[in-house]
Amino acid sequence: MARLIQLTILFIQFYYYYYITTTAHGVSSNGTTFLLDSSRSAMILPLFLSPPNLCTKFSSTRRLLQRSNANAPPNARMRLHDDLLINGYYTTRLWIGTPPQRFALIVDTGSSVTYVPCSSCEQCGRHQDPKFQPDLSSTYQSVKCNIDCNCDDEKQQCVYERQYAEMSTSSGVLGEDIISFGNLSALAPQRAVFGCENMETGDLYSQHADGIMGLGRGDLSIVDHLVDKGVINDSFSLCYGGMGIGGGAMVLGGISPPSNMVFSQSDPVRSPYYNIDLKEIHVAGKPLPLNPTVFDGKHGTILDSGTTYAYLPEAAFVSFKDAIMKELHSLKPIRGPDPNYNDICFSGAGSDISQLSSSFPVVEMVFGNGQKLLLSPENYLFRHSKVHGAYCLGIFQNGKDPTTLLGGIVVRNTLVLYDRENSKIGFWKTNCSELWERLNVDGAPPPAPSSSNGNNSNTEMPPSMAPSDQKHYGLPDEKKIGQITFEMMLNVNYSDLKLHISELAESIAQELGINSSQVYILNSMEKGNASYIEWAVVPSESADCISNVTALSMIARVAESHMHLPDTFGSYHLINWEIKASAKRTWWQQHFLLVVLAIAVTFIFGLLAFGIWFIWRHRQRALNPYKPVDAVVTEQELQPL
C-alpha cells in the first residue's frame, strides 16, 4: 500500500512538471537584466535572426530587457544575420536615402568608415543587394571638398580610401543622406556621412555583404557621428552568438552593465583600435610561461569584430598550442578541412557542443586589474567542416606581427561593452540568443517618413518588407503555420550533392537563422546535370507553429535569392513553396494527459479502496472465525426472544 501511494504521488508530480514546463516555455531561464541608459535613446541592432517561438504575439510572461524608466522609448529591432561560420563575419541591415535603399553591412570595430557600392562603380563585385543610387534619393548630398577631407583630382568632392590587412581595398566619394536602423528603432533616422564606393579589390570584391559598417574611432565613424550629435552616449555593445545556435545584439548607446561584468582598461592613446590590458593566459588553471609584455607589442591586444579568428604573437601562440595539446588525452589529431592550411584539429569530441568542456580545457584571460575572463572551448575552437565531431584551433600565429588580435570567435556568447566614455571594455558571459529575446521588446514605432520632406529627423524608415508583400506571398492572416515546404533546383551534380545532404540542411538553417533541427530534407533526385531537392521547415521544439512574420521572412529570403549557400551546392532556383497548417488537435489529443491522469487516479484509488475493504474483511474474519456445523462448542444460555 505504501508503494501504491508513492507511485500516485510521483505520477501527480510528473504531470505537474510536464504541464508547467510545456506551458511556460516563453519565460526566459535567465533572470539577470541590465538597464538602458535613461538619458538618451539607444539603438539595439541584433546580429542574428532569432525567430519568436509564439505564433501571434509575444507572451506577457517573457522576461524582457528592463529600461531605466518607464518613459524610455522602445528598443530598436532589426533582422540581422550571423555569417561567421560561412563567410567569416556578422552583418547588419542599414537603410540609406529617401525612399530607403537597403544594404547588408559587415559589423567592424576595426575600421571607421561606413560605405556601400555606388551605382557609378565599375569595379565592384556582385553583392547581396543592388548598388546605392544617389539619383533616386531626394535627400542625398555629396560632401564638397573642404580642408577637413581628402579631395578628388578636380577638387570638387571629398573622397575616402581604405586598405585592409588581407590587402583588399575600397575607395570612393563621401556623401550625406538619411540613415535608418530599422522600422522599430527607438532612435529616429539621422543624417550621416558615408562612403559611396567606386572601386573595391580583394575579398571586398568577392564577398556577399554589400559593404562595411565602421564602428571604430574616427571622424567618419557612425558611432562618433551619433555621439557628436548628442543622440547617444559614447558607448556601444556587441553580443555574438555561440557555435551551435547564433543570436545576439548590437547596442548603439549606453547600458548599465551587469553586476558581474569583467572589465579591462582600454587606452585610446595606446592605439587607434579598441585595446585591452591583457597580461596572462591560463590553460586548465595553469598560466602560460610568458612575459606579460608579449601581449603589449605594437598595437597591444586589440578587439576586432571584423576578424573571424584570433591571432597571437609567435611566442604566445606556441605556448598556447602546447598547453592545449597537453590537456587532450582522449582525442586524435587529424588533418584540417582545407589542405592549403596547416590547421590543428582533433576528432572524437562528439557533436554536442555543451559537452566540449569534458574534452577540451578551460582557458582564462587575465587583465591588468586582476580580473579574469573565462573562455569556454567554443571561444577558441571551430568545427571541422568535413569530419563529424571534430574541431580545430581557432587561435593562430600572427606571423611576425607582435600585435595580439582577438576576433569574433573569442567573444562568442559574450556581451562586450565598449565604454568609450570611461576608457574601458566590459565582458559578460551570457547566452546571446536569450539576450536577443530580452532586447526584443514590443513598442510602437514612430510614424513613417514623408518622401517630400528632406528633414526626417523625427521619422522612421519603413520595414524591409511591407504588409502588402505578405499578400504577394499569399500568407494567410490567421492560419497557424505548421510546416513550410520548398522545392528547388541546385546547379550541382546529384552524385556530388548526395555526399553533402546533411551539410546542406545545416547551411539552409544558418542562412534562415533557425536551428538545424528545424530543417528536414524530404526528397532529392537527379535532374540532368542538376539536382532537385524538396525540404521543409518546422517549428522549433518549444513552439507548436511558425509565426507569420517568421514564415514571411524565410519565404522572401529564399524566393528573392538572398539565401547564400556554400559553393559546394552551386546556385539554386526556387520552383515552388507551400504552407501547411499546424494539425488541429482533437479533443482527445488536447485532453489526453488529463484523461490518462483521471483514469490512473481512479484506478489507484479503486485499488486503495479495494485494499482497505480487503484488510477490513480479513480482520473481521479473524475476530469471528468460521465454525463447522458439527464442531464442539461451549454450551451457551438461550436468550429470550
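Conventions used here
- Residues numbered from 1 in each chain as written.
- Predicted model: local features only at pLDDT ≥ 70, side-chain atom pairs only at ≥ 80, totals over all residues.
- Heavy atoms only, no water.
- Helix = DSSP H or I, 4+ residues; strand = E, 2+ residues; numbered from the N terminus.
- Buried < 20%, exposed > 50% of the residue type's maximum accessible area, 1.4 Å probe, protein only.
- Contact = heavy atoms within 4.5 Å.
- Disulfide = S-S within 2.5 Å.
- Core = buried A, V, L, I, M, F, W, Y, C linked by side-chain atoms within 4.5 Å.
- Pairing = 2+ DSSP bridges.
- Axes fitted to C-alpha atoms, helices over the stretch in contact; angles between N-to-C directions.
- Phe/Tyr/Trp six-rings, centres within 6.5 Å; stacked < 30°, edge-to-face > 60°.
- Patch = residues over 30% accessible without salt bridge, like charges linked within 9 Å, V, L, I, M, F, W, Y side chains within 5 Å.
- Areas by Shrake-Rupley, 256 points an atom, 1.4 Å probe, with all protein chains shown as cover.
- Salt bridge = Lys/Arg side-chain N within 4 Å of Asp/Glu carboxyl O.

Draft legend 1. How the structure looks around the overall build of the protein chain. Scanning the protein chain from N- to C-terminus turns up eleven helices and 35 strands. The buried share of the protein chain, taken over its 641 residues, is 48%. Taking contacts inside the protein chain between residues at least 6 apart in sequence as the whole, the part at least 24 apart equals 72%.

Draft legend 2. Highlighting the state of the cysteines. Applying the stated criterion across every chain yields a total of five disulfides. A sulfur-sulfur separation of 1.9 Å characterises the disulfide bridge that pairs C121 with C124. Looking along the S-S bond of the C121-C124 disulfide, the torsion reads about 95°, which is the right-handed sense. There is no split in this pair, since C121 and C124 are both buried. The disulfide partner of C145 is C151, and the S-S distance across this bridge is 1.9 Å.

Draft legend 3. Broad picture of the nonpolar core. Counting residues in each nonpolar core, the largest one holds 73 residues, and the members touching the most others are L215, L252, F320 and F360. For this core, the leading source of residues is helix α4 (residues 314-326), giving five residues. Listed in part, the 29 residues of the second largest apolar core include L497, L512, V519 and L565.

Draft legend 4. Fine view of unusual backbone geometry. The peptide bond linking T98 to P99 adopts the cis configuration, its omega dihedral lying at 0°. Mapped onto the elements of the fold, P99 is located in the loop between β4 (89-96) and β5 (101-108). Positive phi, normally seen in glycine, also occurs at K298, with a value near 55°. Mapped onto the secondary structure, K298 falls in the loop between β19 (286-287) and β20 (301-303). What makes K298 exposed here is its relative accessible area of 51%.

Draft legend 5. Quick look at the sheet that holds strand β26 (residues 381-383). If you trace the four strands from one edge of the open sheet to the other, you get β22-β23-β27-β26, paired in antiparallel fashion. Both edges of this open sheet fall to β22 (332-334) and β26, since each of them pairs with a single strand only. Strand-to-strand, the axes of this sheet are offset by a mean angle of 35°, without reference to chain direction. In terms of strand pairing, strand β23 (residues 345-347) meets strand β27 (residues 391-393) through two bridges, oriented antiparallel. Paired with F346 across the bridge in β27 is Y391.

Draft legend 6. Molecular detail of the pairing of strand β25 (residues 372-375). The two faces of β25 differ: L373 and L375 on one face are buried, but K372 and L374 on the other face are not. In this structure, the hairpin formed by strand β24 (residues 363-367) and β25 is closed by a connection of four residues, where G370 is found at a positive phi of approximately 90°.

Draft legend 7. Up close: the packing of aromatic side chains. Here the structure, examined in full by the defined rule, presents 18 aromatic pairs. Centroid distance F236 to Y274: 5.7 Å. Interplanar angle 70°. Geometry classified as edge-to-face. Of the two residues, F236 sits in strand β13 (residues 235-240) while Y274 sits in the loop between β16 (262-265) and β17 (275-276), which places them 38 residues apart along the sequence. Residue class for F236 comes out buried when judged on its relative accessible area of 0%. Pairing Y309 with F396 gives two aromatic rings, centres 5.4 Å apart and planes at 75°, and the pair type is edge-to-face. On the criterion of sequence distance, the pair formed by Y309 in the loop between β20 and β21 (310-312) and F396 in strand β28 (residues 395-397) is long-range, its members being 87 residues apart.

Draft legend 8. Broad picture of the sheet that holds strand β29 (residues 404-406). Here we have five strands laid out as an open sheet, ordered β17-β20-β29-β21-β28, and mixed in their pairing. Both edges of this open sheet fall to β17 and β28, since each of them pairs with a single strand only. Where β21 and β29 come together, two bridges link them in antiparallel fashion. For Y311, the partnering residue across the bridge sits in β29 and is L405.

Draft legend 9. Region of the structure containing a nonpolar patch on the surface. A contiguous nonpolar patch, built from F610, W613, F614, I615 and W616 and spanning about 590 Å² of accessible area, is present on the exposed surface. Positionally, F614 belongs in helix α11 (residues 592-623).

Draft legend 10. Seen up close, the pairing of β13. The element β13 is extensively covered by neighbouring structure, given that six of its six residues are classed as buried. Side-chain alternation along β13 places S235, S237 and C239 on one buried face and F236, L238 and Y240 on a second face that is also buried. In this structure, β13 lies alongside strand β30 (residues 414-419), joined through six bridges in antiparallel fashion. Looking at the pairing, S235 lines up with D419 of β30. When β13 meets strand β14 (residues 249-252), the two strands line up antiparallel, connected through four bridges. When the sheet's bridge partners are listed, F236 is paired in β14 with L252.

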